[in-house]
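# Observations on the model geometry
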Amino acid sequence: MKSLRIMRLTLKATDVTLTLETREHLGKRLASLEKLIDWSDPAVLVNAELGRTTRHHQTGNIFFAEVTIHRGKDTFRAVSDRPDLLSAIDEARDELERALSAKKGKMRALARRGAALAKVMLKGGYGGLAYMGRPAKAGRRLAQASFGRAKAGWRYLRRVLRR
């Protein structure tokens, strides 16, 4: 619960009164995402809206939870409708966890591809840094002459790095 004091959270209730239990439940669920997002970062902002979709229905998915996390340029949003408010919060948290872990995996893969390219360049492969850019139509003949027909262009480099 240490990260709750640091988290920038804006909470809005629509057609419900929020109890202390509901607030603590939301805080615990968001704090459990700590290994995927750094709550102490001042660029992280969380907007949560909890409420009831209708006043005249008694059963069914009448409670909703909308949670949006803004981190720099990235925005992660989760919406869920459930029969009770606490399970709606749990479902929204699971959806956010999937989105955050997918983003983390993409960033990790990008870093690994860049590191593999740097390793190849340091070993002296692919003609140094001049090979990095996509060859223009005029420069394609030069690239083909330098590297041979099979190794001409950025497509070859992409294929090599995927192995």
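Residues numbered from 1 in each chain as written. Predicted model: local features only at pLDDT ≥ 70, side-chain atom pairs only at ≥ 80, totals over all residues. Heavy atoms only, no water.

### Considerations on the overall build of the protein chain
Tallying secondary structure elements over the protein chain gives four helices and four strands in all. Seen in sequence order, the protein chain has helices and strands lined up from the N terminus as β-α-β-β-β-α-α-α. Burial analysis of the protein chain (163 residues in total) assigns 30% to the buried set. For the protein chain, restricting intrachain contacts to residue pairs at least 6 apart in sequence, the fraction spanning at least 24 positions comes to 49%. Looking at the protein chain as shown, the accessible area adds up to about 10,900 Å², and 52% of this sits on carbon and sulfur atoms. (Helix = DSSP H or I, 4+ residues; strand = E, 2+ residues; numbered from the N terminus. Buried < 20%, exposed > 50% of the residue type's maximum accessible area, 1.4 Å probe, protein only. Contact = heavy atoms within 4.5 Å. Areas by Shrake-Rupley, 256 points an atom, 1.4 Å probe, with all protein chains shown as cover.)

### A short note on the sheet that holds strand β3 (residues 63–71)
Strand order in the open sheet made by the four strands is β1-β2-β3-β4, with mixed pairing throughout. For this open sheet the edge positions go to β1 (9–14) and β4 (74–82), each flanked by a neighbour on one side alone. Here the average twist between neighbouring strands, direction ignored, is 10°. The pairing of β1 with strand β2 (residues 44–52) spans six bridges and is parallel. (Pairing = 2+ DSSP bridges. Axes fitted to C-alpha atoms, helices over the stretch in contact; angles between N-to-C directions.)

### Here we look at the side chain of R93
Residue placement: R93 occurs in helix α2 (residues 85–122). R93 gets classed as buried once you look at its relative accessible area, which sits at 14%. A distance of 3.4 Å separates polar atoms of two side chains, one belonging to R93 and the other to D94. Those residues in contact with R93 that lie beyond four places of it in its chain are R29, S32 and L33. (Polar contact = N/O pair within 3.5 Å; in protein donor to acceptor, adjacent residues only side chain to side chain.)

### With respect to the environment of R55
Within the element layout of this structure, R55 appears in the loop between β2 and β3. Along the sequence, R55 and V16 sit 39 residues apart, while their C-alpha atoms lie 9.8 Å from each other.

### Digging into the pattern of salt bridges
Any two side chains of opposite charge can pair, on the condition that their charged atoms come close. On inspection of all chains with the given rule, the structure shows eight salt bridges. In this structure, the salt-bridge partner of R77 is E66, at a minimum N-O distance of 3.2 Å. Of this pair, R77 sits in strand β4 while E66 sits in strand β3, and the two are eleven residues apart along the sequence. Put simply, R93 and E97 hold a salt bridge, and the shortest N to O gap is 2.7 Å. Of this pair, R93 and E97 both sit in helix α2, separated by four residues, roughly a single helical turn. Salt bridges here are not isolated pairs; linked through shared partners, they connect R71, D74 and K103. (Salt bridge = Lys/Arg side-chain N within 4 Å of Asp/Glu carboxyl O.)

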